[in-house]
Every structure is written in C-alpha cells, then in structure tokens.
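One-letter residues, chain by chain:
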Amino acid sequence: MNFQQLKIIREAARCEFNLTEVANTLFTSQSGVSRHIRDLEDELGVEIFIRRGKRLLGMTEPGKALLTIAERILDEAGKVRRLADVFTNETSGILTIATTHTQARYSLPRVIKAFRQLYPNVRLELNQGSPQEIVAMLLAGEADVGIASELLVNNPSLAAFPWFSWHHALLVPSDHELVQQQPVSLGTLSRYPLITYRQGITGRSRVDRAFQAAGLKPDIVLSAQDSDVVKTYVELGLGVGILADQACDIQPEESLVRIDARHLFDANTVWLGLKRGQLQRNYVWQFMELCNANLSLEEIKRQALSYQSEEEPAIDFQI
C-alpha cells in the first residue's frame, strides 16, 4: 500500500468516480489509476468500488471505510509537510483570501494596506466568489481565510469569527420621488422596480424574507453579482437599488441619493472563516486581528484548532 493509491481512492470519491478526472487531477494516466486500484484491491482482498463493466458507480462498504482511513492518513502526512513550512517561513509565503466582491471592494483595502506594511514579503492572493464557493475553497484548502455570510458559521468544519455588521440601503436618482417620501415602507418599495444582488450573495436572503414576511411580492427587475452593477443601472433609471450600505459611497459626479433602509431589513454580519484543525502561519492570525481588533488571538487559535466534537477531530484532508 502506498500514498498514491490512497490519493486515488480519495480523488475517485471527489471526482464522482470518473477515472479520467482522477488521472488529470493527479497528473498520471488513466491506465495507471486503474492498475493502482486493482493492486490495492488484490492486496486487501476486497472490492473497493461498485462497478458496471469498466465504469465505477460508487464505493462498497469496505471502500467507504477505507476512504475515511485514507483521508486521515493523507491528512497527517500533509500536516507533517506543512509543519516545517509554518515554523521556518513565519514572515514570508502566500496568504490566500476568498471573499465576496463587496468585501474585496469596500472593506478589505484598509486591512490589506496595514497587512502589507507588517508583512511585505507575504504574497497576497484574493479570490472572489459567492459564499458557497468561498466555503468550498476553504474546505478544499484553496484558501487560508474566507470572508462571507452566515454560511461560514453553519459549517462545522469551519471556525467562524464575526468581523462587522451592516445594513442594506436604498439608492435612487436624486430626482426620484422616494427622496421626498422618507421613511420608506416595504409596501411603498414593492410598487417600484428593484435592482439588487442575485440569490446567495450579500444579504439577498434578508431582502427576500422581509418582503415574504410582509406578504409582499417585490418587482426585482435585475439581480446583479456586485454593487457596482446595481449602481450603474440605478443611474440609468431602471429601478430602485437595494445594496449594502458600505457600497453607497456616492461620488460628486454621481446624481444619486442614499436612503436609509435599516428599518426594512435585518442586519447582516460579515464573518471570517478558517478551516478547523489546519496549521496556520503567524501572519494568518495577524490578519484576523487586523480585521477585528476585538478578537482575542487565544480565542481564535482555540476555536480554529479545536475539535468538531469530543469524539472526532477537525481534520484538513488536503495536502
């Protein structure tokens, strides 16, 4: 038995048993993958995969048990490799941050500037995505820190820490009639075409729930990926914008008016997420503190390195 065989078992499960994808992921040939699987099954004396002809359809019960063991073995090997890097490269390396567009555009620049002054030799990589994509990047080991919504809190494999709370605001052209009708009610707002974020990002669920609770159906004519698109089409007169208040930095040349909407929609919290059980370089902890000075470094480490439950440790299955 060897590490390559264990990696193949793990990747087969991740690639939904497509051996071509497994081979591409591990930079080897499909015939080599098949040979490793046969050799391992012969050594163990059990079938690991359910087959139909040459196709793999799933894992047998022994295969599922082997997958769990393989992930743990590969995890421990990965930690050994990461250990040396953590303690020998404390002021250099790569910090990969997965974040939404809104936070990358409006909240992170101040933190990034301060971090670069402290760690000029650390390379920063920003990957933008939806909250679902950010969670996936953290779990896959493709990001060190994730910045997103409550999805980070709801995943037991992640340790999440609050950064700050924010509200939605309304954005309209300066000559819009809502400017003279403040405070705006949900009933009034529902009579106008609306422009806001697409499902799954930047507090869209809060907007939907507010209208639903009031028994109203909003006329959402455009669902955008980011705040800049919302602002662009508000300026064109397509509708009333509902966007994050931190994104309402109106420039002098823009003929737009921000209207408070905190009485209409529940507050949102931005969370910082780390994968549980994963060794981190010191600059990762420092980045967390720069985001929220009220966070205790000891508490961050305690939660990030803690177990998911009393019986099962939080394990990073990535190498």
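So, here's what we can say about the structure. (Residues numbered from 1 in each chain as written. Predicted model: local features only at pLDDT ≥ 70, side-chain atom pairs only at ≥ 80, totals over all residues. Heavy atoms only, no water.)

## Details of the sheet that holds strand β10 (residues 240-244)
Strand order in the open sheet formed by 5 strands is β9-β8-β10-β7-β11, with mixed pairing between adjacent strands. Pairing within the sheet leaves two strands with one partner each, and these edge strands are β9 (219-224) and β11 (256-260). Within the sheet, the average angular offset between the axes of one strand and its neighbour, ignoring direction, is 30°. Two elements, strand β8 (residues 193-197) and β9, share 5 bridges in a ladder whose sense is parallel. Among the inter-strand pairings, I195 is bridged to a residue of β9, identified as L222. Of the strands in this sheet, β7 (168-173), β8, β9, β10 and β11 are in contact with helix α9 (residues 227-235), which crosses β10 at around 160°. (Pairing = 2+ DSSP bridges. Helix = DSSP H or I, 4+ residues; strand = E, 2+ residues; numbered from the N terminus. Axes fitted to C-alpha atoms, helices over the stretch in contact; angles between N-to-C directions. Contact = heavy atoms within 4.5 Å.)

## A short note on the packing of aromatic side chains
Scanning all chains against the criterion turns up 7 aromatic pairs. Pairing F115 with Y283 gives two aromatic rings, centres 6.3 Å apart and planes at 80°, and the pair type is edge-to-face. With a gap of 168 residues between them, F115 in helix α5 (residues 101-118) and Y283 in helix α10 (residues 282-291) connect regions that are remote in the sequence. Grouping residues by exposure puts F115 and Y283 together as buried. When the ring of W163 is compared with that of F164, the centres are 5.1 Å apart and the planes differ by 80°; the resulting orientation is edge-to-face. Residue classification places F164 among the partly exposed positions, given a relative accessible area of 24%. (Phe/Tyr/Trp six-rings, centres within 6.5 Å; stacked < 30°, edge-to-face > 60°. Buried < 20%, exposed > 50% of the residue type's maximum accessible area, 1.4 Å probe, protein only.)

## Some thoughts on helix α8 (residues 204-213)
Because an α-helix packs 3.6 residues into every turn, residues spaced three or four apart end up facing the same way. Every buried residue of α8 is listed here: R204, R206, V207, A210 and F211. Buried residues of α8 fall within an arc of 165° about the axis and therefore sit on the same side. Among the exposed residues of α8, those pointing more than 90 degrees away from its buried face are Q212 and A213. Buried positions along α8 lie against β7, α7 (186-189), β8, β9, β10 and β12 (268-275). Following α8 by one or two positions, G215 has its phi on the positive side, about 70°. (Arc of directions from axis to C-beta.)

## Here's the deal with the packing of helix α1 (residues 3-14) against helix α3 (residues 30-44)
Viewed as axis vectors pointing N to C, α1 and α3 meet at an angle of 105°, and their least axial separation amounts to 10 Å. Comparing their axes, α3 and α1 come out roughly perpendicular. Only V33, H36, I37, D39 and L40 of α3 make contact with α1, whose side of the interface consists of Q4, Q5, I8 and I9. In terms of residue class, the contact of α1 with α3 is made up of 5 nonpolar, 3 polar and 1 charged. (Parallel < 35°, antiparallel > 145°, perpendicular 65-115°, else oblique. Nonpolar A, V, L, I, M, F, W, Y, C, P; charged D, E, K, R; others polar.)

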